[in-house]
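Fold and contact review
Here are the chains, one letter per residue:
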Amino acid sequence: MQKPPQVKRSKLGRYLRLALLILLAFVALLSVLPYLVPVAGGPDVDPASLVNSYGRFLETENGLIYVEERGPENGTPLVLVHGFGGSTFSFRLNDAVFAAAGYRVLSLDLPGFGLSEKGTEPDYTHPAQAETLRAVMDLSGLDRAVFVCHSMGANVVLHFAHRYPERTIAIVTVAGAPVFETGGRIQSFFLRYPPIERAGKVALSRLVDSGRVRGLLESAVADPVTVDDTMVNGYYLRLTAGDWSSALVAMTVARPGNTLDFDIADVTVPMLLIAGAEDQWVPPSQSLNWASGLPNAQCEVMPEAGHLPMEERPSEFNRLVLDFLASVL
């Protein structure tokens, strides 16, 4: 005998209410669970022990910035800008050579990297990072500068050169990674929800260790033998100094703001684009492609080098940079 329709509707209503209760319980659990798991601490190293004798901190509107300076005060200013996950350590095989050649060399840790301020307070968009460059130059008394920038740093410097062409003498990009179209809007949206943000911090704090940093570095070079303990520890200790997991999550939230919203042909200063022939992260074809949109650029592809040519083949790299600067200054 067929049941009356109202009985069927009543049972359906109970099932829907039960499903809603289960869904609410699941959402509540997801909202609470990330806070029950502590964020893992980094290596037990005092960040102050990583400060070089020629390093100092500058207070900017985008936080406390670590800066290293070498070379004669009256030399042509040469600013070194690292890539994602890098720091002043990335140019340890280059800065002294440039200083000995007579340049006033200034390298910095961008907000969220190295020994500079981390956490959720700084603005990590690349236009804001470009303003941090401007602030560091102002505080250091530099009116104009040549820029040597690696990977992500190239995008930051291009923003700077567009905003301040009168302060940009020339640019050397190394495995440059300009951002012409930014993704990550979905990740950015969800990471604004505090429990998901917290879950991201917890996951990063447990995933990133010296072994994974070694693996990433080995994937970035042409010959893994290049990666030794000094290199691994140098990157790992600076990457994980301070509130680094909060900073990396905040960078993901900020990612949609990194796009170059201007024509790169507007950047008319002399440029040298250096690429590693065996770069698996930013293949040299990418540098060749975007170089075609620049009015005053030349490109050099370094053999037997990957994404870190300034560390893999420092002698050849330093010579390329110094020869280029001698030809344009």
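To keep things clear, this report deals only with the structure shown in the data block. Throughout, residues of each chain are indexed from 1 in the direction in which the sequence is written. A pLDDT threshold of at least 70 governs which residues receive local features in this predicted model, and a stricter bar of 80 or more applies before side-chain atom pairs are shown or counted, although totals over entire chains, interfaces and linings include all residues. The basis for the side-chain values is all heavy atoms of the structure; hydrogens and waters are excluded.

**Overview of the sheet that holds strand β2 (residues 63-70)**
What makes two strands pair is DSSP finding at least two bridges between them. Numbering goes from the N terminus for both helices and strands, where a helix is a DSSP run of H or I of at least four residues and a strand is a run of E of at least two. Sheet architecture is open: 8 strands sit in the order β1-β2-β4-β3-β5-β6-β7-β8, paired in mixed fashion. On the outer flanks of this sheet lie β1 (55-60) and β8 (297-302), each paired with one strand and no other. When the angles between neighbouring strand axes are averaged without regard to direction, this sheet yields 20 degrees. Pairing of strand β6 (residues 168-174) with strand β7 (residues 271-276), which is carried by 4 bridges, proceeds in the parallel orientation. Residue valine 174 lies in a different strand from β7, and its bridge partner there is isoleucine 274. Note on contacts: a residue pair qualifies if any of its non-hydrogen atoms lie within 4.5 Å across the two residues. To get an axis, a line is fitted to the C-alpha atoms, and for a helix only the part in contact is used. The angle between two axes follows their N-to-C directions and goes from 0 to 180 degrees. Of the strands in this sheet, β1, β2, β3 (77-81), β4 (104-108) and β5 (145-150) touch helix α3 (residues 126-140), which is tilted by about 115 degrees from β1. In the packing of helix α4 (residues 152-163) onto the sheet, the strands contacted are β3, β5, β6 and β7, and the crossing angle to β5 comes to about 150 degrees.

**Considering the packing of aromatic side chains**
For this analysis, a ring pair means two rings from Phe, Tyr or Trp (six-membered ring only for Trp) whose centres lie within 6.5 Å, classed as stacked if their planes differ by under 30 degrees, edge-to-face if by over 60, and tilted for the remaining angles. Inspection of every chain in the model, using the stated rule, returns 5 aromatic pairs. Centre to centre, the rings of phenylalanine 84 and phenylalanine 113 are 5.4 Å apart; their planes meet at 75 degrees, and the pair counts as edge-to-face. With phenylalanine 84 in the loop between β3 and α2 (95-100) and phenylalanine 113 in the loop between β4 and α3, this pair connects stretches of sequence that are 29 residues apart. Aromatic side chains phenylalanine 89 and tyrosine 235 sit 5.6 Å apart centroid to centroid with 85 degrees between the ring planes, which places their arrangement in the edge-to-face category. Placement of phenylalanine 89 in the loop between β3 and α2 and of tyrosine 235 in helix α8 (residues 229-239) is noted, with a sequence separation of 146 residues between them. Within the aromatic cluster, the residues linked to one another by ring pairs are Phe147, Phe160 and Tyr164. For the cation-ring pair, arginine 70 lies above tyrosine 54, with the distance from its terminal atom to the ring centre recorded as 4.1 Å. Stacked on the ring of phenylalanine 89, the Lys or Arg arginine 92 has its end atom at 4.0 Å from the ring centre. For a ring to carry a charge above it, either NZ of a lysine or CZ of an arginine must fall within 6 Å of the ring centroid while also lying within 35 degrees of the normal to the ring plane.

**Some details on the packing of helix α7 (residues 210-220) against α8**
Between α7 and α8, whose axes approach to 9 Å, the crossing angle comes to 115 degrees. Here α7 and α8 pass one another in a crossing that is right-handed. Facing α7, whose interface residues are Ser210, Val213, Arg214 and Leu217, α8 presents Asp229, Met231, Val232, Tyr235, Tyr236 and Leu239. Amino acid classes used here: Ala, Val, Leu, Ile, Met, Phe, Trp, Tyr, Cys and Pro are nonpolar; Asp, Glu, Lys and Arg are charged; the rest, including Gly, are polar. By residue class, the composition of the contact of α7 with α8 is 7 nonpolar, 1 polar and 2 charged. Put simply, a crossing is left-handed when the front helix is turned counterclockwise from the back one by less than a right angle, and right-handed when it is turned clockwise.

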